[in-house]
Amino acid sequence: MWSDERSVPPPVGGARTGPPGRPHAVVIGSGFGGLAAALRLGARGYRVTVLERLDAPGGRACVHRQDGYTFDAGPTVVTAPWLFEELWALCGRRLADDVELRPVDPFYRVRFDDGTSIDYRGDAQAMREAVAHLAPGDVAGYERFLAASEAIFKVGFEQLGDQPFDRWADMARCLPDLMRLQSWRTVWGMACKHVKDDKLRVLLTFQSLLVGGNPFTTTSVYCLIAFLERRWGVHFAMGGTGALVAGLVKLIREQGHALRLNAPVAQILVEQGRACGVRLDSGETVRADVVVSNADSAWTYRHLLAPEHRRRWTDRRLERARYSMSLFVWYFGTRRRYEDVAHHSILLGPRYRELLDDIFRRKHLAEDFSLYLHRPTATDPSLAPRGCDAFYVLAPVPHLGSGTDWARQAEPYRRAIQARLEATVLPGLGESLASSRVMTPLDFRDRLCSVHGAAFGLEPVLTQSAWFRPHNRSEEVERLYLVGAGTHPGAGLPGVLSSARVLDRVVPHADELV
Ligand SMILES: Cc1cc2nc3c(=O)[nH]c(=O)nc-3n(C[C@H](O)[C@H](O)[C@H](O)COP(=O)(O)OP(=O)(O)OC[C@H]3O[C@@H](n4cnc5c(N)ncnc54)[C@H](O)[C@@H]3O)c2cc1C
């Protein structure tokens, strides 16, 4: 069952399905957090119904198919594969029978604005040599950074990642560890402590952006990503991340549970301080013994739970909270292949700290950008017609608090990104375009129901982490639980799968309710 030795405890509960007559759990939303929650509740004896407002499952990980190309809408970098293996194992199955996770090498090709580039890889010796070439004086510091990353992982991920943090005492208990690991430092501060070269500092810090954290303000706990990637690798699901979504949906259905699409929830119903079901937009009521929301945590409290049931997450508090950045994503297909382009590329612009300041603090849409370019056809050519490439390029942008008029701005912004790609890694792109679509912060707000169109929910700063984040076991209403990016531990596939893992600790086993 385990892909490796680790101290993460095995899940509680066996692989039992939920026949009619068992207590009923409703899960609002079918993102990775919601799908994982459904399987975990099923294994704990519940009959589960997942209600999804869109016409397809996956949330941010839905799939766009057009013009013969397959575009994963969101996550592409799969880390911590054992968290997926565990879900299959809960159903007595093997992940490998349904989905092939293929290691990606290099993890990322990082191109700096001066045209130099470095391959960020899992191979320790190759990385040491690359660092020695980039910053000869920093090799020892780089090794110290990796050792710090491992120590943080052992506490931040293994010990705290699936703890509920719904009592102040839980927080108090881990404070000494967090102080020892210097989690008051930022990700950037941690890199600066160990290495001097600015390019190397960028190389060690951009990863927190992949889960919505500004390396200059987010807690250094996120430095654990370096160890996580290096120890277990970066993977790609053959067929696209959508294959993982489809696999989870298949498991849910095989276990006898229900997934209803086009079923938007309008309200969480409460009786005597206890969640007792939901009301859909259509007016239909679905009764439940427990309710789990995988919708954006701020949206859940603001729009799905009536104000009279909220003491902590009041409208005022939610208005004053800090939300992560948003994203502009351009999905495009080309009539030719760009064999030199790696699967994952980071294309840095002329500014790093200042650009992130524009995005996170000033909420100003800058004219320059740093980009993440995804070329899945480097690993799986079946995602595009023969001889063609599928891509997406993603630019971090301020959330809708910036006031940017995306209805007008989207096309000029896309054209600017196209020009940048043509000038750097994709010459001749304009002539070879065969398919195109964009996603803007408006989609995050209007399609995915995220407050301010934030791509990663509440910003992962120390004052909005662990106990300070909306709890997995709601502090407002009994029998209401939250999973997904906006709750503990946070965004990213390992984060949202871990949030569902917390349910094993806080949701009563169905037997206790019958
Ligand atoms: C472009 C992009 C790239 C990313 N890349 C990576 C990556 O490479 N690796 C990585 O680990 N992470 C990545 N992430 C982050 C990761 O994708 C997310 O953190 C994660 O997928 C969020 O999962 P979630 O469980 O919070 O649910 P979400 O995906 O946010 O899904 C929530 C679901 O709830 C539904 N919903 C909302 N309100 C209601 C309602 N009222 N009724 C019914 N349903 C409702 C929504 O329609 C949606 O389907 C990326 C994110 C984006 C946007």
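All of the points below concern the structure found in this document. Everything numeric here is computed off the predicted structure, so don't read it as measured data. By convention here, each chain's residues receive numbers from 1 onward along its written sequence. The predicted origin of the model limits local features to residues at a pLDDT of at least 70 and limits the giving and counting of side-chain atom pairs to 80 or more, whereas totals for whole chains, interfaces and linings rest on all residues. Side-chain measures were taken over the full set of non-hydrogen atoms in the model, leaving aside hydrogen atoms and water.

### Things to note about the overall build of the chain
1) Next: Only DSSP runs of H or I with at least four residues qualify as helices, and only runs of E with at least two residues qualify as strands; both kinds are numbered from the N terminus onward. Across its full length, the chain holds 17 helices and 19 strands.
2) Next: To get the radius of gyration, use the C-alpha atoms; to get the globule rule, take the number of residues to the power 0.38 and multiply by 2.2 Å. Over its C-alpha trace the chain gives a radius of gyration of 22 Å, about what one expects of a compact globule, namely 24 Å for 514 residues.
3) Next: Dimensions of the chain along its principal axes, counting C-alpha atoms only, are 65 × 55 × 45 Å.
4) Next: Think of it in three bands: with a 1.4 Å probe and only protein chains considered, a residue is buried below 20% of the maximum accessible area for its type, exposed above 50%, and partly exposed in between. When each of the 514 residues of the chain is scored for burial, the buried share is 61%.
5) Next: Whether two residues touch is decided by their heavy atoms; if any such pair falls within 4.5 Å, the residues are in contact. Counting only contacts in the chain whose residues sit at least 6 apart along the sequence, the fraction spanning at least 24 positions is 75%.
6) Next: Note on areas: these come from Shrake-Rupley sampling with a 1.4 Å probe, and a residue is covered only by the protein chains present in the view. Roughly 19,500 Å² of accessible area belongs to the chain as shown, and the carbon and sulfur atoms make up 50% of that amount.
7) Next: Counting 64 positive and 59 negative side-chain charges, the chain places the centres of these two groups 3 Å from one another. Note that His is not counted, nor are the chain ends; the positive residues are Lys and Arg, and the negative ones are Asp and Glu. In this description, the location of a charge corresponds to atom NZ of lysine, CZ of arginine, CG of aspartate or CD of glutamate.

### Here's the deal with the packing of helix α2 (residues 82-90) against helix α17 (residues 493-506)
1) Next: Here the axes come from fitting lines to C-alpha atoms, over the contacting stretch only for helices, and the angles between their N-to-C directions go from 0 to 180 degrees. At a closest axis distance of 10 Å, the pairing of α2 and α17 adopts a crossing angle of 40 degrees. For the element pair α2 and α17, the recorded crossing hand is left-handed. The residues of α17 that touch α2, namely those facing Leu83, Phe84, Glu86 and Leu87, are Leu493, Pro494, Leu497, Ser498 and Arg501.
2) Next: Polar here means any residue other than Ala, Val, Leu, Ile, Met, Phe, Trp, Tyr, Cys and Pro, which are nonpolar, and Asp, Glu, Lys and Arg, which are charged; Gly is therefore polar. The residue inventory of the contact of α2 with α17, partitioned by class, reads 6 nonpolar, 1 polar and 2 charged. Two helices crossing with the near one rotated counterclockwise from the far one by less than a right angle form a left-handed crossing, whereas a clockwise rotation gives a right-handed crossing.

### Things to note about the site of the ligand
1) Next: Lining the immediate surroundings of the ligand are 37 residues, of which Gly33, Glu52, Arg60, Val77 and Leu493 lie closest.
2) Next: Arg53 has a polar backbone atom sitting 3.2 Å from a nitrogen atom of the ligand.
3) Next: Bound to the protein, the ligand loses 96% of the 1,000 Å² it would expose on its own.
4) Next: Sort the elements by how many residues they give to the shell around the ligand and α17 lands first, with 3 residues. A single heavy atom is enough: if one lies within 4 Å of a molecule or strand, its residue is considered near that molecule or strand. Polar contact is defined as a pair of N or O atoms within 3.5 Å, subject to the rule that within protein one atom must be able to donate a hydrogen and the other to accept it, and that residues adjacent in sequence are counted only when both atoms are side-chain atoms.

### Thoughts on helix α8 (residues 198-205)
1) Next: Burial analysis of α8 places 6 of its 8 residues in the buried class, the great majority of the element.
2) Next: Of the positions making up α8, those classed as buried are Leu200, Arg201, Val202, Leu203, Leu204 and Thr205.
3) Next: Each element contacted by the buried residues of α8 is listed here: β6 (108-111), β7 (117-120), α4 (124-134), α5 (139-159) and α7 (187-194).

### Regarding the pairing of strand β14 (residues 326-334)
1) Next: Counting buried positions along β14 yields 9 of 9 residues, so the element is predominantly enclosed.
2) Next: Of the two faces of β14, the one carrying Ser326, Phe328, Trp330, Phe332 and Thr334 and the one carrying Leu327, Val329, Tyr331 and Gly333 are both buried.
3) Next: Here β14 pairs with strand β17 (residues 389-397) via 9 bridges, running antiparallel. Counted as the bridge partner of Phe332 is Phe391 from β17.
4) Next: Any two strands with at least two DSSP bridges between them are considered paired. Pairing of β14 with strand β18 (residues 433-439) involves 6 bridges; the strand directions are antiparallel. When the sheet's bridge partners are listed, Thr334 is paired in β18 with Leu433.

### Looking at the nonpolar core
When a protein is soluble and globular, its nonpolar side chains tend to lie buried together.
1) Next: Counting residues in hydrophobic clusters, the biggest one holds 128 residues, and the most contacted among them are Phe32, Phe84 and Leu244.
2) Next: Excluding residues that lie within four positions of it along the chain, Phe32 makes contacts with Gly58, Ala61, Pro75, Phe84, Thr241, Leu244, Val245, Leu248, Leu493, Val496 and Leu497.
3) Next: Buried Ala, Val, Leu, Ile, Met, Phe, Trp, Tyr and Cys residues form a nonpolar core when they are joined through side-chain atoms within 4.5 Å. Residues Val286, Ala288, Tyr301 and Ala321 belong to the second largest nonpolar core, which totals 27 residues.

### Overview of the pairing of strand β3 (residues 63-66)
1) Next: Of the two faces of β3, only the one carrying His64 and Gln66 is buried; Val63 and Arg65 on the other face are not.
2) Next: Two elements, β3 and strand β4 (residues 69-72), share 4 bridges in a ladder whose sense is antiparallel. Along β4, the bridge assignment pairs His64 with Phe71.
3) Next: Linking two consecutive strands that pair antiparallel, namely β3 and β4, is a turn of 2 residues; a positive phi of about 55 degrees is found at Asp67 within it.

### A word on the sheet that holds β14
Think of a sheet as strands paired side by side through backbone hydrogen bonds, with each pair either parallel or antiparallel.
1) Next: Pairing within the open sheet is mixed, and its 7 strands lie in the order β7-β6-β15-β16-β17-β14-β18. Among the strands making up the open sheet, the edge pair consists of β7 and β18. Across the sheet, the mean angle separating the axes of adjacent strands is 20 degrees when strand polarity is ignored.
2) Next: Of the strand pairs in this sheet, β6 and β7 are connected by 4 bridges, and their pairing is antiparallel. Bridged to Arg109 within β7 is Asp119.

### A short note on the state of the cysteines
1) Next: Throughout, disulfides are identified as pairs of cysteine sulfur atoms within 2.5 Å of each other. Scanning the model with the defined rule gives 0 disulfides in all.
2) Next: No disulfide involves Cys62; its sulfur sits 13 Å from that of Cys449, the nearest cysteine.
3) Next: Under the relative-accessibility criterion, Cys62 is labelled buried at 5%.

### Looking at α2
One full turn of an α-helix is made of 3.6 residues, so residues set three or four places apart face in the same direction.
1) Next: In terms of burial, α2 is largely enclosed, as 7 of its 9 residues are buried.
2) Next: Among the residues of α2, those classed as buried are Trp82, Leu83, Phe84, Glu86, Leu87, Trp88 and Leu90.
3) Next: Those residues of α2 hidden inside the fold are in contact with α1 (32-43), α3 (95-98), α5, α9 (224-232), α10 (242-254) and α17.

### A word on the environment of Pro136
1) Next: Residue position: Pro136 is located in the loop between α4 and α5.
2) Next: Placed 350 residues apart in sequence, Pro136 and Gly486 show a C-alpha to C-alpha distance of 40 Å.

### Here's the deal with the packing of α7 against α8
1) Next: As a packed pair, α7 and α8 sit with axes 9 Å apart at the nearest point and diverge in direction by 135 degrees. The angle between α7 and α8 places the two elements in the oblique class. When the axes of α7 and α8 are compared, the crossing they make is right-handed. Contacts from Val187, Trp188, Ala191 and Cys192 of α7 reach α8 at Asp198, Arg201, Val202 and Thr205. Geometric relationships in this document are graded by angle, where less than 35 degrees denotes roughly parallel, more than 145 denotes roughly antiparallel, 65 to 115 denotes roughly perpendicular, and other angles denote oblique.

### Some points on the pattern of salt bridges
1) Next: Just to be clear on terms, a salt bridge is a Lys or Arg side-chain nitrogen sitting within 4 Å of an Asp or Glu carboxyl oxygen. Taken as a whole and assessed by the stated rule, the structure comprises 41 salt bridges.
2) Next: A salt bridge links Glu339 to Arg375, with the shortest nitrogen-to-oxygen separation between them at 3.5 Å. Residue Glu339 is found in the loop between β14 and β15 (344-347), and its partner Arg375 is found in the loop between β16 (371-374) and β17; the two are separated by 36 residues along the sequence.
3) Next: The exposure class of Glu339 is exposed, given its relative accessible area of 54%.
4) Next: When the shortest N-O distance is used, the salt bridge between Glu411 and Arg414 registers 3.0 Å. With Glu411 and Arg414 both in helix α14 (residues 406-423), this residue pair falls 3 residues apart, about one helical turn.
5) Next: Ionic contacts of the salt-bridge type, sharing partners, join the residues Arg40, Glu86, Asp162, Arg501, Asp504 and Arg505 into one network.

Scope: geometric values only; no functional claims are made or implied.
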